[in-house]
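# Understanding the architecture of this molecule
Each chain, letter by letter, is given below.
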Amino acid sequence: MSRPRILVTRKLPGDVEARAARDYDALLNTGDRLLNRDDIVARAQGADGLLVTVTDRIDAALLAALPVSIRIVSTFSVGYDHIDIPAATARGIAVTNTPDVLTGATAEIALLLMLGAARGATSAISTLHNGAWNKWSPTGMLGIELSGKRLGILGFGRIGRATAARARAFGMEIHYHSRHRVAPELEEGAFYHADSASLFRVSDVLSVHCASTPETRGLVNRDTLALLPPNAIIVNTARGDIVDDEALIEALASRRIAAAGLDVFNNEPNFHPGYLALSNAFLLPHLGSATLETRNAMGFRALDNLDAFFAGKTPPDRVNK
Ligand code: DGY
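Notes on the structure follow. (Residues numbered from 1 in each chain as written. Predicted model: local features only at pLDDT ≥ 70, side-chain atom pairs only at ≥ 80, totals over all residues. Heavy atoms only, no water.)

For the rest of this paragraph, the subject is the sheet that holds strand 3 (residues 49-52). Across the sheet, which stays open at both edges, the five strands sit in the order 2-1-3-4-5 with parallel pairing between neighbours. Each of the sheet's edge strands pairs with one partner strand only, and the pair in question is strand 2 (25-27) and strand 5 (94-96). Adjacent strand axes in the sheet meet at a mean angle of 20° when their direction is disregarded. Pairing of strand 3 with strand 4 (residues 72-75) involves four bridges; the strand directions are parallel. When the sheet's bridge partners are listed, Gly 49 is paired in strand 4 with Ile 72. Here helix 12 (residues 292-310) sits on the sheet and contacts strand 1 (5-8), strand 3, strand 4 and strand 5; the angle it forms with strand 4, its principal contact strand, is near 160°. (Pairing = 2+ DSSP bridges. Helix = DSSP H or I, 4+ residues; strand = E, 2+ residues; numbered from the N terminus. Axes fitted to C-alpha atoms, helices over the stretch in contact; angles between N-to-C directions. Contact = heavy atoms within 4.5 Å.)

Dropping the structure here:
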């Protein structure tokens, strides 16, 4: 029996590509050239499935232009806001993601952002690089201590809870808002806020962990930032479009918000240049899941979903019906 043909849109870790090539007639992207819509459609001719990433915009127009042979889109990511799910469902295309396997790596980056923002790492590092560190100072470069502060987690799913677990070790008090209150064993003493405004009001540090949906886009905006206590810190490892950039940049520039730690941005990689002018913004280029262990696990999970689908089973991480 011939092996299913899959189009892999980005270069993936070696072990993942080796397994894909072993089990599939896999069209790999070893040069890692970013494929536009026309490239994807052209390369997908004769394929049965796509293995895509967050850099591929799988919108309704692309889905409509794909050959009818494509029956599954497996994304190498937990987030799937880059895929038009209703359009895929309407075309009978299964969509899968890679939950669980990047939880720990992303929670670690959230803690790095929290610490980097709280301790003024951006200006401290540039002081060193610019040769401007001329003396230790009892009163200079003073940051904010996380210990004893209230951490507000916006979105208490796997990554939010893993971040909470790590923050408890720093002595932080955990608060959260989610659409639904979680079971006490998952809450582990965290305080639930039924509405997001109530969470903003108590968050000395607000860490964003919700998915990008029509309800959450722009949720961190002028009005909600104004609810935060003085000297608050914002951390975002989820999606850039949950934050209104103009509002956050204004709040950081005026020091109404003490600092921000951001790993994700609107319109990546062409993010708002205003962030670069802010010494209280600690920025990373979407590194949440960027460890080899995690990227391998994501690739294997994306392949597990394809394997199940082509074996006639329901893929474990199918996100549409
Ligand atoms: C995801 O998986 O959604 C991340 O943003 C990329 O690792």
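Anyway, onward from the coordinates.
Our focus in this paragraph is the site of the ligand. Lining the immediate surroundings of the ligand are Ser 77, Val 78, Gly 79, Leu 102, Arg 239, His 286, Ser 289 and Met 298. Gly 79 is positioned with one of its backbone polar atoms (N or O) 2.9 Å from an oxygen atom of the ligand. At a separation of 2.7 Å, an oxygen atom of the ligand approaches a polar side-chain atom of Arg 239. Taken by itself the ligand offers 230 Å² of open surface, and the protein chains cover 89% of this. (Near = heavy atom within 4 Å. Polar contact = N/O pair within 3.5 Å; in protein donor to acceptor, adjacent residues only side chain to side chain. Areas by Shrake-Rupley, 256 points an atom, 1.4 Å probe, with all protein chains shown as cover.)

Glancing now at the sheet that holds strand 12 (residues 281-283). Across the sheet, seven strands lie side by side as 8-7-6-9-10-11-12; this open sheet has parallel pairing. The open sheet has two edge strands with one neighbour each: strand 8 (191-192) and strand 12. One ladder, built from five bridges, connects strand 6 (residues 150-154) with strand 7 (residues 173-177); its direction is parallel. For Arg 150, the partnering residue across the bridge sits in strand 7 and is Glu 173. Contacts from helix 5 (residues 103-118) reach strand 6, strand 9 (205-208), strand 10 (232-236), strand 11 (257-262) and strand 12 within the one sheet, and its direction differs from that of strand 10 by about 145°. Against the sheet, helix 11 (residues 245-253) makes contact with strand 10, strand 11 and strand 12, and its axis sits at roughly 130° relative to strand 11, the strand it touches most.

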